Amino acid sequence: MSQPFHIVVCGSIVPDPLQMLEPVTGAAGPALKNEMMLPAVLDPWAAHALFEAAHLAAKHAGSKVWLVSLGPKAKLQQVMLTVAQKVPFELVALDGPASGFCDSLATAQVLADAVAGIPALNRDRLLLFGGWESASRGAGSTMQIVAERLGISEQFQGVDQLTVREDGSMEILERVEGGRHLVSVCSAPPAAFGWATGHLPEPRNNPQVGMTNMKTIMPALQRAKASAVAADGLRFAAVNVPKLQRQTRVVKDMPPEEIARELVAWIREK
Amino acid sequence: MEKILFLVHTDGGPLSKGALQALGAASGLGGELVVGLAGVSTQAAADSIATCGAARFLAVDGEAFAQPRYATDAAAAEALCRVSEATVVIAPSTSRWARALPGVAARLHGAVDTHVTSLGADLSATRWFYRQRMEGTLTRTQRPWMLLLEADCAAAWNGAAGSATAEQVPMAAVPTRTTVQGLQDSKTDEQTIRPEANLLFVAGAGWTKKQADGAIHTDQAEQLILGFLRASQASLGGSKSLVDLSGEGQAVLRCMSHLNQVGQTGSTPRHPKGLSTCCHGEEPHVVGWRFINDRRAVNMDANCGWARGKADVVYVADAFAVMAIVNRMLGG
Amino acid sequence: MSEALEIDIACIGFGPATAGFLYTLNRAMQADAELAAAAPMVVCYERADDIAFGVSGMVTRARGIRASIPDLDPASIPMAARVASERVVYLKDPFGASRRSAALKMADLAIHNDLLAAELPYIPPFLHKSDGFVLSMGQFLQFVGGEIMGGGMLQIWPACAVTEALIEDGGVCGVRLGGQGMDVRARLVVVGDGPVGAVGRQLDTVFGMPEGHHYREWAVGMKMVVDLADGVDLEPGTVIHTFGFPEPEIFGFLYAHPDRVVTAGIFVPSWMRSPVRTSYRYLQHFIQHPYLWRYLQGGRLRAWGAKSLQESGQRGEPKLVGNGYARIGEGSGSTNVLTGSGVDEAWTTGTQLAEGVIELLREGAPFTRENLDRAYVSRRRASWVEEEGRVAAKSRDGFHHGVLPGLLGMALSGLTAGRVSMPGEPQPLMDLHSYYRERIPAAEIDRIVSECGRRGAPCHDALMDHCGWPPIAYDGQLLVSHQDALLMGGKVQGAAGYEDHVSFRDASRCAACSARVCIEICSGQAITPAPSGVPAFDREKCVHCGACLWNCTNVSFQAAPGGLHSTEN
């Protein structure tokens, strides 16, 4: 008999990946130029985690999914209306920065407090989900710190698969060097999982799910708490877009045979 | 003066290239160097770097530390940090340390930075933000400060071996509910990820699009790609859009999985050469190329953003035609 | 089919009209506890993935918008500025490549300045927008959308395409959503899906157009938002309107936003009879005209997009209401074709419907045709939108005879309040051979068509090259290939797993078609020649502009999510 899980996904918004990003430095440190004007999406890494959470919850009756999201409220509001149509979850919205330059320790503290404050959360059945990386911060450290703050010592990063076994234990596949997976078994929750891409495609929009989610999402956005994220002693000397301009030789009108010959010679060069 | 702890795992064999690079970076910082080792038996590893100039060698030995596991890795690192009283901790960015050290930083009320690509003599760190799309240089006053150094970003330490006296750091049993089962290779039929390959072959979404005859030729595309990988022993990378399709059971390249994904939402492989085919696009895909030295592309659009400043050579041609001949030539 | 959802009001499309509707409704619900207590469930379904994916620019007098938001402060909306100056400029053709009448060739000869342009000394009052704003449609909608959703009572769902209205007993009783094929039943369906909206077209087919009304005039608008190069300053609020180049029939514009950002674009109208209607290539030549290039050179493409415009104005007005539905915005014929203003008019029709709906909600009256007629249509008929639309109705008919008669006709209508106009009837597009008879030998045209067909490419570039249009000197940042514009500027994405939303009904008609205007006009190179004769469609390149629809009845264009272009107006 499977037991229900309480799955909390931490995930925020990032600029749409097709946007061109440019840094600017202000009084409060580096930021993205026109950050509030850039279209935003749910961080693709966190999105994988959310979809995996919903998938897992659906297989274990009585399970529940929360999404804890720290970002500018106006932007969260827009993105959540799309995300809400994907899978069932309850939103915990925190009104604060979603910048990639925010320090992971400070961010993690705000997230951990929010998770700890979720009423009715059964910490013994808690699976803490998040992105292994992020399309903004890419800190690769936030989730571990959130889990530490919540006292979770079973942690997994780069997770591609989580299988609950008959006895309630969980088999986890983590990405490691060389394109391989590390296989571990965790006997029981609580545990924390930083998801890589998993195996699930992005679910298609489902208005029925959207209608149900909206009942909790709208009030959650209304009461989103202003959250300051400040790092002590962190100073940026410079932030730049790397200059990678190359002198490109464009080869037109060369027959495929000749291109192939050039390529083969190039491949064989040491 | 900073007290610098260089952290390394050992399986009893020689230290990895990445570990020696991190040691090279740590020993170049000019503080008091301490080496911290964890593994079943660490003495051989300590001896191999005995002349690195470390003031102390600290070790956590035991079966529990042989396997990669958060609870035991974090406990070992925490103990080594506490005993060494380190203010700065340098470790190679392995999957183990990347998983464990952020939590250790939290336990010690310190700070952590990952994806570090260079360390300045003034103890400034340069690292990537926004998935390799920006780089920032920063300093911190908070200590201990843990820094995970990316591979191939510093010269490896290459001193002589010797005899090191490692102090064992006492460890209580670490409670954990996790047992490690072992490593598993990719489930795809053929090996397509070869981190040590000389060449990264990037398959763009164009392989699955309608071609000039108005039809889609994924079977042919797959044969060409796999044929090339076999003949060239290249590693395979793909864009997110291409890999996403494979998750949906559409007419796609079965040889691709999410593990092949490079770029903003995938891995950032490092290879001496890269060949991109049927690719079109800029930022999101190009970030996957950031650490490829020599880049060529086969693309149908001469004015594509690719043709401008991102690759060394762009061949304006049909990749289906070109790769068929390349495969034949390589096979011969 | 799963069980239908039940809501009170379903809105289709989040553009300026629906924004005006929801904004007005939200304000009323916030202020009126009784109305709020009744809490009608209102959901707006928007096809695009975001309510503000575009950052495109527009200029508007914003009379209706300011009536709704009296304290509208441009400083609170990114990219907004008060209009600072207006210019109307005639652009000479520097290459002699355009198709010009003798009169325009004479005009060109008279222009000798370095900028190859003549600024008109006088702007007729009906054209001026000096009391208005330069806005970004995307940012404005984001601002309004934020306020609407912030109230917590109304919902806007992006990435949710309505494919059709549910029709029962001669009225509309709900909508069908794409993808999941889910039905949503609603007491009122607010149709604001623009000039090529799937539901608007469906209702026109089912219920018919009012006597004498039609959509015969249209245009494709394409624009880019540009970050100006360092050292180039243009006063925010500068508005430039152009005509004469790249083709005499193509109108152009440049609006300056704050922070050295501009929007530049063109309108390619239906009365330009060329079958080679590539807005993208023309746009590239337009921005390089010396009069504009002095500002734009060295700039960087920030956003790009296209949409089609319903240019029949009031004569394109469909049946505005019926049992269970009401139509607002551009698709309801609100655009003023004389003043070239559509956003403010669309917004205003939305507010008029909202006022009517509030009245009916308070009365507890059902949304019948009679009640909507009384509560909404009568408000619209009594408003400035209607009055000015009447003045404008025939103002552009002269363009069917040519550019100069067209301009004269506009002046006549504008200066006589619509009492006098230049008559004219739309002419069909010319075929390639007729259009290029004097420029390209017939055999060469055939060779180009065949060669492009073999490569799966449109013919417009080859034909324009032949006529003396210079090649584009791609610089990788502003002058970029069409495909790069889709990626860099358009951010076009087609979500995986959906069907092609553009298809061709009768393959034999495609095979027999020589004009292939759908290919030449496509704003995203999403429609290309294919060996079978039926064009190939690539949904990941479609920007949902709907241009392929206007000149061909064989194109089936369904509503679909993606494209990111609902706000690229």
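Residues numbered from 1 in each chain as written. Chains lettered and ligands numbered in written order. Predicted model: local features only at pLDDT ≥ 70, side-chain atom pairs only at ≥ 80, totals over all residues. Heavy atoms only, no water.

*Asks:* Residue-level account of the interface of chain B and chain A, with values.
*Replies:* Taken together, the contact pairs 90 residues of chain B with 95 residues of chain A. For the chain B and chain A pair, buried surface summed over both sides reaches about 7800 Å², with 56% attributable to carbon and sulfur atoms. Together, Tyr-130, Met-134 and Arg-177 of chain B form the three largest contributors to the area buried by chain B at its contact with chain A, with a combined 11%. Among the ionic pairs, Glu-148 of chain A bridges to Arg-107 of chain B, the shortest N-O distance being 2.9 Å. Looking at the side of chain B that touches chain A residue by residue, the classes come out as 39 nonpolar, 29 polar and 22 charged. Summarising the sheet, strand E11 (residues 180–186) of chain A and strand E10 (residues 178–184) of chain B pair through 6 bridges and their orientation is antiparallel. Opposite Ser-184 of chain A, over in E10 of chain B, you have Val-180 of chain B as the bridge partner. (Contact = heavy atoms within 4.5 Å. Buried area = accessible area lost by both parts, 1.4 Å probe. Salt bridge = Lys/Arg side-chain N within 4 Å of Asp/Glu carboxyl O. Nonpolar A, V, L, I, M, F, W, Y, C, P; charged D, E, K, R; others polar. Pairing = 2+ DSSP bridges. Helix = DSSP H or I, 4+ residues; strand = E, 2+ residues; numbered from the N terminus.)

*Asks:* Which residues make up the sheet that holds strand E6 (residues 117–119) of chain C, and what values do they have?
*Replies:* All names here are of chain C. Strand order in the open sheet made by the 7 strands is E6-E5-E13-E14-E15-E12-E16, with mixed pairing throughout. A strand with exactly one partner marks an edge of an open sheet, and here the two such strands are E6 and strand E16 (300–310). For this sheet, the mean inter-axis angle between neighbouring strands, taken without regard to orientation, is 20°. Note that strand E5 (residues 85–91) and strand E13 (residues 238–243) share 6 bridges and pair parallel. If you follow Glu-86 over to E13, its bridge partner there is Val-239. (Axes fitted to C-alpha atoms, helices over the stretch in contact; angles between N-to-C directions.)

*Asks:* With reference to specific residues and values, describe the packing of aromatic side chains.
*Replies:* The tally for this structure, following the rule as stated, stands at 26 aromatic pairs over all chains. Ring plane angle 55° and centroid distance 5.6 Å describe the contact between Phe-236 of chain A and Phe-129 of chain B, whose orientation is recorded as tilted. Placement of the pair is Phe-236 of chain A in strand E14 (residues 234–240) and Phe-129 of chain B in strand E6 (residues 125–129), with the two residues belonging to separate chains. The two residues Phe-236 of chain A and Phe-129 of chain B agree in class, both being buried. Seen in terms of ring centroids, Tyr-23 of chain C and Trp-347 of chain C are 5.7 Å apart; in terms of plane orientation they differ by 50°. Their pairing is tilted. Taken together, the residues span a long stretch of sequence, with Tyr-23 of chain C in helix H1 (residues 16–31) and Trp-347 of chain C in helix H9 (residues 343–363) at a distance of 324 residues. Judged by relative accessible area, which is 0%, Trp-347 of chain C ranks as buried. Across from the ring centre of Phe-129 of chain B, 4.4 Å away, lies the NZ or CZ of Arg-127 of chain B, which sits over that ring. (Phe/Tyr/Trp six-rings, centres within 6.5 Å; stacked < 30°, edge-to-face > 60°. Buried < 20%, exposed > 50% of the residue type's maximum accessible area, 1.4 Å probe, protein only. Lys NZ or Arg CZ within 6 Å of the ring centre and 35° of its normal.)

*Asks:* Please give an account of the sheet that holds strand E12 (residues 191–195) of chain A that cites residues and values.
*Replies:* With mixed pairing, the 10 strands of this open sheet are ordered in space as E13(A)-E7(A)-E6(A)-E1(A)-E8(A)-E12(A)-E9(A)-E10(A)-E11(A)-E10(B). Strands at the two margins of the open sheet, each flanked by one partner only, are strand E13 (225–226) of chain A together with E10 of chain B. Where strand E1 (residues 6–10) of chain A lies against strand E8 (residues 126–131) of chain A, 5 bridges are found, and the strand directions are parallel. For Ile-7 of chain A, the partnering residue across the bridge sits in E8 of chain A and is Leu-127 of chain A. Where helix H2 (residues 73–83) of chain A meets the sheet, it contacts strand E6 (64–71) and strand E7 (90–95) of chain A, and its direction lies at approximately 140° from that of E6 of chain A.

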